[in-house]
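# Understanding the architecture of this molecule
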Amino acid sequence: MEHLELFFKSIFIDNMVFATFLGMCSYLAVSKKVSTAVGLGAAVIFVLAITVPLNWLLDQYILQPGALSWLGEDYVSYDLSFLSFIMFIATIATMVQLVEIIVEKFSPSLYNSLGIFLPLIAVNCAILGGSLFMQSREIETLGLALNYGIGSGIGWFLAILAIAAIREKIRYSNVPPALRGLGITFIITGLMAIGFMSFGGMLTGGDEEAKPENTSAAIETIKEDIEKVEEKLISNIEQKQDTNE
Amino acid sequence: MGKDSRLILDPLADNNPITIQVLGICSALAITAELEASIVMSISVLFVLGVGNVVISLMRNIIPSKIRIIVQLIVVATLVIIVDLVLKAFAYELSKTLSVFVGLIITNCIIMGRFEAFALGNGPWRSFLDGIGNALGYGVILIIVGFFRELLGSGTLLGIQVLGDPIEKTGLYALGYENNGFMLLSPMALIVVGIIIWVQRSRNKALIED
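These lines cover the structure that appears in this document, whether it is placed above or below. Computed from a predicted model, the values in this text were never measured in an experiment. (Residues numbered from 1 in each chain as written. Chains lettered and ligands numbered in written order. Predicted model: local features only at pLDDT ≥ 70, side-chain atom pairs only at ≥ 80, totals over all residues. Heavy atoms only, no water.)

### With respect to the interface of chain B and chain A
- Counting from both sides, the interface comprises 40 residues of chain B and, opposite them, 41 residues of chain A.
- Here chain B and chain A share an interface that buries about 3,500 Å² over both sides, 85% of which is from carbon and sulfur atoms.
- Taken together, the links from chain B to chain A amount to 0 salt bridges.
- On the surface where chain B and chain A come into contact, there are 0 residue pairs in polar contact (both at pLDDT 80 or more).
- Every element with two or more residues in the side of chain B that touches chain A is listed here: helix H3 (68-90), helix H5 (100-103), helix H6 (109-117) and helix H8 (187-203) of chain B.
- Its residues placed into classes, the side of chain B that touches chain A shows 29 nonpolar, 8 polar and 3 charged. (Contact = heavy atoms within 4.5 Å. Buried area = accessible area lost by both parts, 1.4 Å probe. Salt bridge = Lys/Arg side-chain N within 4 Å of Asp/Glu carboxyl O. Polar contact = N/O pair within 3.5 Å; in protein donor to acceptor, adjacent residues only side chain to side chain. Helix = DSSP H or I, 4+ residues; strand = E, 2+ residues; numbered from the N terminus. Nonpolar A, V, L, I, M, F, W, Y, C, P; charged D, E, K, R; others polar.)

Here it is as structure tokens:
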């Protein structure tokens, strides 16, 4: 359940492009044709699925305050978290390079479709952003980190696929000249982001959070009513006692 | 001198990194809901790009071209760590607002783009000017977006209420004006940038794409 929740959350609610604007540069630059967009999107999923768990391990066993405790008592007080930027980006750059070499060796056909995008990816903010968000949201297990990596990758893939399809169609529309190209793409992305905001209530259960307040407030008012009724009854009884006397 | 001043002036308008070159949008938009955060972000990028360009330019003859991307990333990452630690020390609240976006300066395409396109082929002084110019061009857009989003979204500028008090109904609010909370949501950053591009290209027809 936890996995499913994180998976949907990273695809729709915290969508890399629409909620946090990560990877916008390549999103805008490589979304002119659907086929290239698919290639880049697949490469992003691939690289995120590798780098996020890897950086999770780095964060957990080297960088976090107290993470070095497996080395012995002396290292418990070490806090290397200030090194995380440089460690993460170094991991990403090396992994991208490594993946490129491995894919080229073992699957030339995949290399032909993904290969040209891999160098682009080393400096794609979505990849580093995935690792940094993984760190700042304190994801607990390796499995969840892998899940988060794949989920955000798919979210990014969906976004670039959608905008590429729209841009292919919009070529036949009558857009004001000054808005053509970049301008209209920005505005469409903004509108899509507004659409994606409606996923916000999908999992968080906005109602559940609101309910306790409502019920407690309702209980309060009921209590007040009961007190008023009691006061009335008591005063009535007192009046009756008075008249009886 | 004329050539050098062009290095600073060009990126401000006609060759703006955000609206024309489409670089560095990644970390720019999410933090522009407040003017203050936009200004701090611009200053951080100014520092990283100015110093980074000089460092890369000084090392340009000893970097092997095969591993230049990793070398560039290490230089940027080091500078960003400095910025991050300074922010945490002197403006802790603000560094919380900026959260991971300070770290994302590393992958800001403007920085890598300027390293590749300029610093690797030019001397330190010209690279420095180029870095400052591009960072200013980036900052100008960030500050314009931050200005409009904060003004229209919460009626304040740098946290000061400039349109009157919305609760006590003074100033503009007395006339029935309401804050547009929608401006504070992230999608509006994209739409504001879209409108800036629209205005800029309507004024300068040469920039229109086909």
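There's more to say after this.
### Focus on the side chain of Ser10 of chain A
- On the secondary structure map, Ser10 of chain A appears in helix H1 (residues 2-13).
- Apart from the residues within four sequence positions on either side, Ser10 of chain A is in contact with Asn15, Tyr148, Gly151 and Ser152 of chain A.

### What to know about the side chain of Ser84 of chain A
Residue and element names in this part refer to chain A.
- By the element assignment, Ser84 lies in helix H5 (residues 84-106).
- With relative accessibility at 5%, the residue Ser84 sits in the buried group.
- Not counting the four nearest positions on each side in its chain, Ser84 is found in contact with Leu63 and Gln135. (Buried < 20%, exposed > 50% of the residue type's maximum accessible area, 1.4 Å probe, protein only.)

### Describing H6 of chain B
- Every buried residue of H6 of chain B is listed here: Cys109, Ile110, Ile111, Met112, Arg114 and Phe115 of chain B.
- For H6 of chain B, the secondary structure elements touched by its buried residues are helix H3 (24-29) of chain A together with helix H2 (35-59), H3 and helix H7 (124-154) of chain B.

### Here's the deal with the nonpolar core
- Tyr27, Ile121, Trp156 and Phe186 of chain A are the most contacted members of the largest nonpolar core, which totals 110 residues.
- Apart from the residues lying within four places of it in its own chain, the contact partners of Phe186 of chain A are Leu28 of chain A together with Ile25, Leu29, Leu190, Val193, Gly194 and Ile197 of chain B.
- Ranked by size, the runner-up nonpolar core spans 5 residues in total, among them Leu35, Leu151, Leu163 and Tyr173 of chain B. (Core = buried A, V, L, I, M, F, W, Y, C linked by side-chain atoms within 4.5 Å.)

### Points about the pattern of salt bridges
- All told, the structure shown has 4 salt bridges over all chains when counted by the stated rule.
- A salt bridge links Arg114 of chain B to Asp130 of chain B, with the nearest nitrogen and oxygen atoms 3.0 Å apart. Within this pair, whereas Arg114 of chain B is found in helix H6, its partner Asp130 of chain B is found in helix H7, the two being separated by 16 residues in sequence.
- Judged by its relative accessible area of 12%, Arg114 of chain B falls in the buried class.
- Taking relative accessible area as the criterion, Asp130 of chain B reaches 3% and is therefore assigned buried.
- Linked by salt bridges that have partners in common, Lys9, Asp14 and Arg137 of chain A make up one network.

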